[in-house]
Structures are given as structure tokens and as C-alpha cells.
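If you want the building blocks of each chain, they are given just below.
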Amino acid sequence: MDFELGDEQRAILEAVQTLLARRAGAKRAIELARKTEYDFELEEALISAGFAELMNGGETGPLEAVLVVEACAAAAGTVASMASLLVVPAVLRHEPSTPVALASGDVAAPIRFAAQARTVLVDRGEEAELMALDAGDAMPVPSNFGYPMGRLKSVRGEGLGIGSGSKLRRWWRLGIAAEAVGTMQSALQCTLDYLKTRKQFGRAIGSFQTVQHRLADCHVLVEGSRWLTYEAAWLGAPEEAVAAAAAQSMLAASQVFNETHQLSGAIGYTREHDLHVWSMRLQALRLELGGVSAHHLALSKARWQAGAIS
Amino acid sequence: MEFGWSEEDRRYRRELIAFVEEALPETWSELSADGPGSDAQAEFSYEFAGKLAERGWLTQHWPSEYGGGDATAWRHIVLSEEMWARGEPRGPQYMNVNWIGPTIMQYGTEEQKAHHLPLISSGQVLWCQGFSEPEAGSDLVALRTLALRDGDDYVVNGSKIWTSYANNAQYCFLLVRTDPESQRHRGISVLLMPMDLPGIEVREIPAVVGDRYFHEVFLTDVRVPIGCLLGPEHEGWSIVSYALQYERVGAPRYARAAKTLDEIAEHARERGLLDDLRIQERLGEARALCEAARVLTYRVVDQRAHGLPPTPDSNVARVAGTRADRAIAELALQVHGADALEYGGFADKNFRMAMTAGVAVGTTEIQLGLIASRALGLPKG
């Protein structure tokens, strides 16, 4: 056991943070969201810097990939980092055309990045399917939830074999947790920065005990999510660990969304203030892969062989 | 960063579990019905802690110069987890090894170390913690129990409240005000007070959480020899702060909660409830809370293993542990239904144990306040 970052992990984080400071951030996310666009440049930069190779690297693996996915989410990157850096290297033997979108359940519903994706991985229960997309296979969908959304016109994928469905879900769950941790961290930080300076009743709002306790409780939930996510990654994404990480992250995401907005007041609803960049994304993450109920059920099934759920 | 147990620690856990299963009597479930503070468990703790000591496991994480085994903080958390998961067969002695001993090592005189540490490391002594007072609960620095020098003694007057284990303890880790003119953090001292001195009266406060759980300790002209002073006079607050860092994660409640949850799931299966999606969801939610509390506690253990100074992560772990404890105690009631209403049953026992989590060792509100200022950097009000 060792909870401190190793030298190589520290170097990877510094490298990705330097890249993100230049190419991502709230301002860029807002700009792209206005046009429902994808950040092809950022994705290209991440891939050419080698971050997609962390997952199957000799000295690196899922934990390093998760740290990078989390950092991308914290910097509000408008890229399918979870798919490119974590899920695809874990599930596929070859490199598909990017961006890669992930679909499950009702594939006709809006899906993150589907309008720009060249490849879709679909969770079909026992089996996962891989589908190449051509221009016109998906339509952009206007959305208020922080990511470019698209709707697939049809789904006709190639099966990846029995068992590939569960593999896809495990790594996707881990990715949801990692993205949520980074996104929550930034939503909370944005709120903290505001509440330390914004004054009412002659003092900083963040000095009121009620406000402090609610933010501190968010911190407890985010930290629990963070360490469960890192642990699950290090263990290689076993079902029970990833379901616990995702369940805890989604519980935390709900509370972080509600508290950061409540405590930020009206400014938090505006596009002038950055909170929405992260907060709205949290709600989109909460719906992915069946949402918090599915994570809870998956955890029960993995731990106690409860029920007959896929 | 890595999250694997060493092969040594895995082997130790297996050996420990085998030992505990052998050492606990068949009547353990009834014997432990009222928690570590009950007379029955206090009495049993001498035998059990003695056996742990014989194997070198009771204070394995202490330095060898004080009779320990120089084991890592990880090794000690394995022991703590397995103990709490079974209702703490060390009884009140978990406090001794977690923080009373280490605090005496840090601040004690040679005489104090020579007297107290062997008693603790052989498992033959019980302590209680004299912190809270009727007018000093969460606001601990409002304490008023006065200890005034008179010759070679302190004369102590005042009272302590909520004192678990006072019914059986031979010593009390007592916080007193040694400077009557002082305010708040200043002028506080720690006395290692023998509980058999004249003028000490212990009264039980009957409580719904269990028999012999809480006591009030009345101190009337108790003459405590000055040799019992721990650390510098009037500077007890820094000693308390040191001790509290150890205490907050000393009792890994999540280990008990996780075991309880497994038992709840088994019970649900037997009653045909495990196919119920709502029950599955509640179980999954509770398991995630429990796992979060575990990994957050490990975060603190890791800092200790690295020899890092204390951080607010111990407060974070405590708040997460309380949330897990409560979720699981309520779920036990739900799954067991009306059977839970009978005193001493599985669900009732767990519910009573979990009830105190948010108040013991500093209330959740105190923990959140410390997180807000120390981890989040929020300004003072």
C-alpha cells in the first residue's frame, strides 16, 4: 500500500496538466459548447503525446490512465478521454478511428460525442459491439449538459464475443468514476474560490458555519470517490471495486451538484460564471450506463451474487 | 501509488483470524451484547489481550524499545479491523494501544513509561478517558475541572461525563485546568490518574445504547501525586491534539459495518428478499459507503506509515465512517423487520453500536468544521 504518487506518476500528471493548461479550461469548454463542437485538437494532442499508451504500457497501466482521464475532466476537456485512454485500450486489440463514443441501453437516446464520433462501442449485455460511423450516421442534439451530444440513426455493429459486454461495462464504470472525480473537484474548487471572496452580511459567505459544513461534507464524498477510483484502477477494474467507485461517485456527484449551485446563488446559473461547465456535466455522467441504480445493482450482484441482472 | 497488501500482511491476517476464532468463546455473541464497556467484555479483555500480547500482536506497532515489534501502521490496522469486525474482544484496551500508550511514549517521564507501558503491552490494565464535562462537550477547552498544586500533590475538584469504561478502569487519562486564571487552550494539563484514589466516585448514566456505556466521574479533593503529570504543566492541549489524531481512526467502524452488511445480505437471501431490486440497491449503496470509509481510513494509515504529520484526512475518514455506520444500521432494521425490536438481537445490537458514531470522538459537526478550515481553507466566522 502506498497512497503517495510515484515519480513517474507525478511526471505524467505534470505533463498532462501542462498540456491541459494550454489547450483546455472553462473558457474553451464554453466556446465549444456554444457550437456543439468537439475538441479534435485536444484529442490529437493527448494521443500524440502518448497518453493513450499508458493503459498498456510496460511501467504504467490503468491507474496512470485514470489519473489522466481525471485531469482532463477537471480541466473541462471536451474530448472522449475515457474512451480513448481507458476503455478502448482495455477492450479492443486494435486502434479504432477516433473519437470513440460509448452507448448502452436505449441507443437511440442522446449519447456523448456521438455526432463527432467515428467509432461507437455498444453495450449489448453479454456482448459488446463495435461500429464504425460514417458522415451522417449520427445527428447532433442540442443539450444543456456540457458535452456535445448526438443521436445515432441506426446501430449495426460487429459483435466482440461473449464476455465483451461485461468487460466494456467494467472499464466504462471506472471511467465514469474517474471523470466524475475530476469534474466534482473543479466544481467544488470553483465554488470555494467564489465563497471565500463573495461577501454578504458583511462577511465572506464561506465563513458561515452552515456553508462550511455543507462544503466539507462534499469534500468527504469526493475524497471517498477519488480513492475508491484509484484503488479500483490499480486492481485492474474488477466488477465489485468499479461498481463501488461508480456508486460512490454518483452519490457524491448529486450532492456536489446541489450544494455548489445552492451555495453559489444566482450567479451559479449564469454562463458568465464557470460553475455550470462542470456541474451540468455531472448530471450527464449520472445518467450514463444505467445511472446510480445500475451501479448499486452491479455492486450487489458482484458482492452477494444478488438477483439476476445483467 | 499502489493498493496491494504485502504477502506478509495477508498471512498475518489469516493467522490472526484463525487465532481469534479459536480464542473467542461460544458465548461471545451474548458476552459482547453491550459493547466494549460492559463488565463482561472488560473482564474478558484481560484474558484475550493477554493472549494477543503473548503472540506479540497487542502492541506490535509500538517501537521495540517499549516492548513493541516495530510493525508498520498497516499491520496494526489489520488487527484493529479484525477486532472491530468481531465486536472488539480487546474491550476498552483498544484505546490503550492506539493512543494512550503512544501518547505516554511521546510525552511521559522515564518513570511513567516504565510503569505504564509494560502494563498496557501485557494487556493487564484498563483506562478511561476523562475529557468531556457537563459544561464542556464539543467545546472541550471550556473544561473547568481544577487541579491545584498542594505540596507533592494536585488537589483535583470537578466532574467528567460520558466517561466510557470508568466502571472498570484502573487509570484515567484526565484533562484538568492547572492554572485557575487561564482561559480556553492555555493552562490545561494531563494527569495519568489512578482510579482508586479517595474522592473519586463513578456513577453510571443509564443509556439506550447499552448498559454500563456512560458514566459520570465526580472528583472531590482527590489528591493526585505530581508524578502523574504528563508532559509540561499547563501545556496539555497540544498533548490532547496529538492523542486525538490517533483516536479518530483508531476504531475502524467500517470493518464492523462491512461484516454486518454481509450478514444482512445473507439474512435477506434466507428471507427471499435478495431478489428485490430495492433491497439490492440499498445493499449496494451501503457497501459503497462502507468501502469509501475503508479507503479513506487507509489514506490516514498510509500517512502514518510514511511518518507524515497529521492532516484533516482523519476528520474526513471519521465523517465517512459515520455515514456508513448509519446507513448499515438502518438497513439492518429494514431487512430484519419487527424482529429487530427485540433487545440484544443482531439488528438491535448493531443499531446501538452505530448510534454513537456521529458524536463519539468529536461530533460530525466538529469534524466538518476542522475539514472546512484545514482542508478547504475557508475563513473563520
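Model, not experiment: these values are computed from the prediction.

Calculation criteria
Residues numbered from 1 in each chain as written. Chains lettered and ligands numbered in written order. Predicted model: local features only at pLDDT ≥ 70, side-chain atom pairs only at ≥ 80, totals over all residues. Pairing = 2+ DSSP bridges. Helix = DSSP H or I, 4+ residues; strand = E, 2+ residues; numbered from the N terminus. Domains from an automatic or database assignment. Expected span 1.5 Å × (residues − 1). Buried ≥ 20, exposed ≤ 12 C-beta atoms within 10 Å, placed from the backbone. Contact = placed C-beta atoms within 7 Å. Core = buried A, V, L, I, M, F, W, Y, C linked by C-beta atoms within 7 Å.

**Structural notes on the sheet that holds strand β2 (residues 111-112) of chain A**
Line of reasoning, step 1. Strand order in the open sheet formed by 3 strands is β2-β6-β5 (chain A), with antiparallel pairing between adjacent strands. At either end of the open sheet lies a strand with only one pairing partner, and these are β2 and β5 (138-141) of chain A.

**A few points about the domain arrangement of chain B**
Line of reasoning, step 1. Segmenting chain B into domains produces domain 1 (7-125), domain 2 (129-233) and domain 3 (252-374).
Line of reasoning, step 2. Placing the centre of domain 2 of chain B and that of domain 3 of chain B at their C-alpha centroids yields a distance of 31 Å.

**Quick look at helix α10 (residues 291-304) of chain A**
Line of reasoning, step 1. The terminal C-alpha atoms of α10 of chain A lie 20 Å apart, and with 14 residues this matches the ideal 20 Å at 1.5 Å per residue to within 8%.
Line of reasoning, step 2. Of all 14 residues in α10 of chain A, 10 are buried; the element is thus mostly enclosed.
Line of reasoning, step 3. Buried residues in α10 of chain A make contact with α6 (164-197), α8 (239-264) and α9 (275-287) of chain A together with α8 (253-270) and α9 (277-305) of chain B.

**Let's talk about the nonpolar core**
The nonpolar side chains of a soluble globular protein tend to be buried, and buried together.
Line of reasoning, step 1. Val 68, Leu 86, Val 87, Ala 101 and Leu 174 of chain A together with Leu 191 and Ile 328 of chain B are the most contacted members of the largest nonpolar core, which has 214 residues in total.
Line of reasoning, step 2. With 15 residues, α6 of chain A is the largest single contributor of residues to this core.
Line of reasoning, step 3. Look past the residues within four positions of Ala 101 of chain A in its chain and what remains in contact with it is Ala 80, Ala 83, Ile 111, Arg 112, Phe 113, Ala 114, Ala 117 and Val 120 of chain A.

**A short note on the pairing of strand β4 (residues 127-132) of chain A**
Residue and element names in this part refer to chain A.
Line of reasoning, step 1. With 5 bridges connecting them, strand β3 (residues 119-123) and β4 associate as antiparallel partners. When the sheet's bridge partners are listed, Val 120 is paired in β4 with Met 131.
Line of reasoning, step 2. Count of turn residues in the β3/β4 antiparallel hairpin: 3 residues, of which Gly 125 carries a positive phi of about 90 degrees.
Line of reasoning, step 3. When β4 meets strand β7 (residues 158-162), the two strands line up antiparallel, connected through 3 bridges. Note that in β7 the partner of Glu 129 across the bridge is Gly 159.

**Considering the pairing of strand β3 (residues 153-161) of chain B**
Residues and elements named next belong to chain B.
Line of reasoning, step 1. The pairing of strand β2 (residues 146-150) with β3 spans 5 bridges and is classified as antiparallel. Bridge pairing links Leu 146 to Asn 157 in β3.
Line of reasoning, step 2. With antiparallel pairing between neighbouring strands as the criterion, β2 and β3 make up a hairpin whose turn holds 2 residues, including Gly 151 at a positive phi of roughly 65 degrees.
Line of reasoning, step 3. Where β3 and strand β7 (residues 214-225) come together, 8 bridges link them in antiparallel fashion. The residue of β7 that forms the bridge with Ser 159 is Phe 218.

**A closer look at unusual backbone geometry**
Line of reasoning, step 1. Here the residue pair Thr 98 of chain A and Pro 99 of chain A is connected by a cis peptide bond, since its omega of 0 degrees sits within 30 degrees of zero.
Line of reasoning, step 2. Among the structural elements, Pro 99 of chain A can be located in the loop between α5 (81-91) and β1 (100-104).
Line of reasoning, step 3. A positive phi angle is found at Tyr 165 of chain B, which is not glycine, with a value near 70 degrees.
Line of reasoning, step 4. As for its position among the elements, Tyr 165 of chain B is in the loop between β3 and β4 (171-177).
Line of reasoning, step 5. Accessibility expressed as a C-beta count within 10 Å gives 25 for Tyr 165 of chain B, which makes it buried.
Line of reasoning, step 6. Backbone geometry at Arg 184 of chain B places phi at a positive 50 degrees, although glycine is not the residue there.
Line of reasoning, step 7. With respect to the helices and strands, Arg 184 of chain B occurs in the loop between β4 and β5 (188-194).
Line of reasoning, step 8. Residue classification places Arg 184 of chain B among the exposed residues on the basis of 12 C-beta atoms within 10 Å.

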